[in-house]
Amino acid sequence: MKINDSVPYFLEHYEPSLQFLHQYYEKYNEMFHEYFLYHCKNTDDRLTAAIDKYPDSFASIKEVYQKIVPIILKTVNAYEHQYNMKFPIEVNLLVGGYGSNGYTERQFIPNITFALEQLSPQQEYIEVLVAHEFGHALHNILSEHEKIDWQLVDWQHPFTWLLQEGTAIYLSQQVTENIEEFIYFAYKEKDSSWLDYAKKNEYLLIKAFKEDINNLSTVEVFKEWFSINGGKRFGMVRFGYYIGYVFLRSFIEKHGEIEAITMWKEPHYKQIVMDWLDSFE
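Reading guide: rules and limits
Residues numbered from 1 in each chain as written. Predicted model: local features only at pLDDT ≥ 70, side-chain atom pairs only at ≥ 80, totals over all residues. Heavy atoms only, no water. Salt bridge = Lys/Arg side-chain N within 4 Å of Asp/Glu carboxyl O. Helix = DSSP H or I, 4+ residues; strand = E, 2+ residues; numbered from the N terminus. Buried < 20%, exposed > 50% of the residue type's maximum accessible area, 1.4 Å probe, protein only. Pairing = 2+ DSSP bridges. Axes fitted to C-alpha atoms, helices over the stretch in contact; angles between N-to-C directions. Contact = heavy atoms within 4.5 Å. Phe/Tyr/Trp six-rings, centres within 6.5 Å; stacked < 30°, edge-to-face > 60°. Lys NZ or Arg CZ within 6 Å of the ring centre and 35° of its normal. Parallel < 35°, antiparallel > 145°, perpendicular 65-115°, else oblique. Left-handed = near helix turned anticlockwise from the far one by under 90°.

Trainee: How would you explain the pattern of salt bridges if you had to name every residue and give the values?
Mentor: A side chain of one charge can pair with a side chain of the opposite charge if their charged atoms are brought near each other. Under the defined criterion, the tally for this structure stands at nine salt bridges. Between Asp278 and Lys210 there is a salt bridge, with the nearest N and O atoms lying 2.6 Å from each other. Residue Asp278 is found in helix H12 (residues 269–278), and its partner Lys210 is found in helix H8 (residues 202–215); the two are separated by 68 residues along the sequence. We classify Lys210 as buried; its relative accessible area is 14%. In this structure, the salt-bridge partner of Asp212 is Arg233, at a minimum N-O distance of 2.6 Å.

Trainee: Could you give me a rundown of the sheet that holds strand E3 (residues 102–104), with the residues and numbers involved?
Mentor: What the four strands build is an open sheet, ordered E1-E2-E4-E3; its pairing is mixed. Lying at the two open borders of the sheet, with one neighbouring strand each, are strand E1 (2–5) and E3. Between one strand axis and the next, the sheet turns by 15 degrees as a mean value, whatever way the strands run. Where E1 and strand E2 (residues 90–94) come together, four bridges link them in parallel fashion. Bridged to Asp5 within E2 is Leu93. Docked against the sheet, helix H4 (residues 44–83) engages E1, E2 and strand E4 (112–115), running at close to 170 degrees with respect to E2.

Trainee: Break down the packing of aromatic side chains for me, citing the residues and quoting the values.
Mentor: Where two aromatic rings form a pair, the distance of their centres and the angle of their planes describe that pair. In the structure shown here, the tally under the stated rule is 48 aromatic pairs. Measuring from ring centre to ring centre gives 6.4 Å for Phe108 and Trp155, while their planes differ by 25 degrees; the resulting arrangement is stacked. Residue Phe108 is found in the loop between E3 and E4, and its partner Trp155 is found in the loop between helix H5 (123–145) and helix H6 (158–174); the two are separated by 47 residues along the sequence. Relative accessible area serves as the criterion here: at 29%, Trp155 is assigned to the partly exposed category. One Lys or Arg, Arg106, reaches over the ring of Tyr38 and ends 3.7 Å from the middle of that ring. The cationic tip of Lys254 hangs over the ring face of Phe251; the distance from NZ or CZ to the ring centre is 5.8 Å.

Trainee: An account of the packing of H5 against H6 is requested, with residue identities and associated values reported.
Mentor: Contact geometry for H5 and H6: axes closest at 8 Å, N-to-C directions at 125 degrees. Classified by the angle between their axes, H5 and H6 sit oblique to one another. Helix-helix and strand crossings are classified by hand; for H5 and H6 the assignment is right-handed. Here H5 contributes Val128, Ala131, His132, Gly135, His136, Leu138 and His139 to the contact with H6, which in turn contributes Leu163, Gln164, Glu165, Thr167, Ala168, Ile169, Leu171 and Ser172.

Coordinates in, geometry out; function isn't part of it.
Put into structure tokens, the structure is as follows:
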């Protein structure tokens, strides 16, 4: 694993100007390529708004920066020890334009990026986010080890997202300790109300998800169930993450951990998920 770190340059040379930001992005163009392609709009309006926000974020960015590298190393060591796997990837640390806080890149064995201006400086939130993103990478590494045919994976299907997010949440729980359960599912929530609601209404959520799968477009399903900009149906976002976690845990109980995590290698994976959804009639 290699860590590409652009944060010291940003902190040492920062000027509140578009010229500086464009210079920064050009200097570290490889790590910003996918960031601006999928995770943040690269427009002058967006960047001007970021410049306005940075003064209030500098203290947090510095605190996160002090904590995140030790957390990354600890997390990687825990995953590699527990699953006997290595991470042949690169990890990018950057200061972005208030887009995504962290993501895995679109590769079979994906690199990982963390945008520090969007991370909470609270230790447990950093630990969970790091474990979650490395969980996505480990999911693919374990699947590769199980001889998955990547051409079988429908990357734009909600059933793929269910397994990806459910697995990342589950794996993040395996390598962290003394963290309240709701934090594994939290985006900006600071209490357990989201998770409490999901548990109380699990049956209702799964039935509604199945209904939307049958009636909405893929884009609409993503926005409602997986995006931080959705959540109109129940007034809260990203319940697809919880459904994915429940789905995965049910298959771990029946088939074991690795078989469940890598079930997307099966040619009839979509039917497996639909049969599970149908069981909630």
